[in-house]
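The lines below spell out each chain.
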Amino acid sequence: MKFGNGVFPLGAQTGANSMVPTLISIVLMIAIFYFGIIRPNKKKEKEAIKMMDNLAVGDVIQTIGGIIGKIVQVKADVIIIETTGMKTRLEMSKWAVKTVLKEAHRKAPKEDKEETKDTEEEKEEE
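This is a predicted model, so every value here is computed, not measured.

**Here's the deal with the pattern of salt bridges**
So, step 1. Enumeration according to the criterion identifies two salt bridges in this entry.
So, step 2. Residues Glu82 and Lys87 are paired through a salt bridge, measuring 3.9 Å at the closest nitrogen-oxygen approach.
So, step 3. Residue Lys87 is classed as exposed on the basis of its relative accessible area of 54%.
So, step 4. Given the relative accessible area of 18%, Glu82 is considered buried.
So, step 5. Through salt bridges with shared partners, one network takes in Glu82, Lys87 and Arg89.

Shown next as structure tokens:
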């Protein structure tokens, strides 16, 4: 059986042109892995690190093991939480915190204070 010009089947190309579709598909697969898997994981990791850095006394947290408790002491890499009505205290690593269920009352950052001063000045001018 002869196809096309008799030497190669129809649509087949020779040389560097046959590499282009292969390279495009490889680049496309890498892009899909990056934007579909790697980038979202990095974003989640940054959010987890931010959450661990912002843990404070009084926060109500849930651990990866399902334990719910209130933070009573924060150290460098360790927190101590208090659970149940009997005030049982547990010491655990910060990385074991899954979510912060309720944040403690915190003072507003300096930026917020400056913004409130600006709005107060504007109200006084009116």
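**What about the pairing of strand S2 (residues 68-74)?**
So, step 1. Pairing between strand S1 (residues 60-63) and S2: three bridges, direction antiparallel. Paired with Gln62 across the two strands is Ile68, which belongs to S2.
So, step 2. Turn length for the S1-S2 hairpin, with the two strands adjacent in sequence and antiparallel, is four residues, and the turn residue Gly66 shows positive phi of about 95°.
So, step 3. As defined by bridge partners, S2 adjoins strand S3 (residues 78-83) across four bridges and the pair is classed as antiparallel. Directly across from Ile71, in S3, lies its bridge partner Ile81.

**So, the packing of aromatic side chains**
For any pair of aromatic rings, geometry is given as the distance between the ring centres together with the angle between the planes.
So, step 1. The tally for this structure, following the rule as stated, stands at one aromatic pair.
So, step 2. Between the aromatic rings of Tyr34 and Phe35, the centroid separation amounts to 5.0 Å while the plane-to-plane angle is 85°, which identifies the pairing as edge-to-face.
So, step 3. The exposure class of Phe35 is exposed, given its relative accessible area of 53%.

Analysis parameters
Residues numbered from 1 in each chain as written. Predicted model: local features only at pLDDT ≥ 70, side-chain atom pairs only at ≥ 80, totals over all residues. Heavy atoms only, no water. Salt bridge = Lys/Arg side-chain N within 4 Å of Asp/Glu carboxyl O. Buried < 20%, exposed > 50% of the residue type's maximum accessible area, 1.4 Å probe, protein only. Pairing = 2+ DSSP bridges. Helix = DSSP H or I, 4+ residues; strand = E, 2+ residues; numbered from the N terminus. Phe/Tyr/Trp six-rings, centres within 6.5 Å; stacked < 30°, edge-to-face > 60°.

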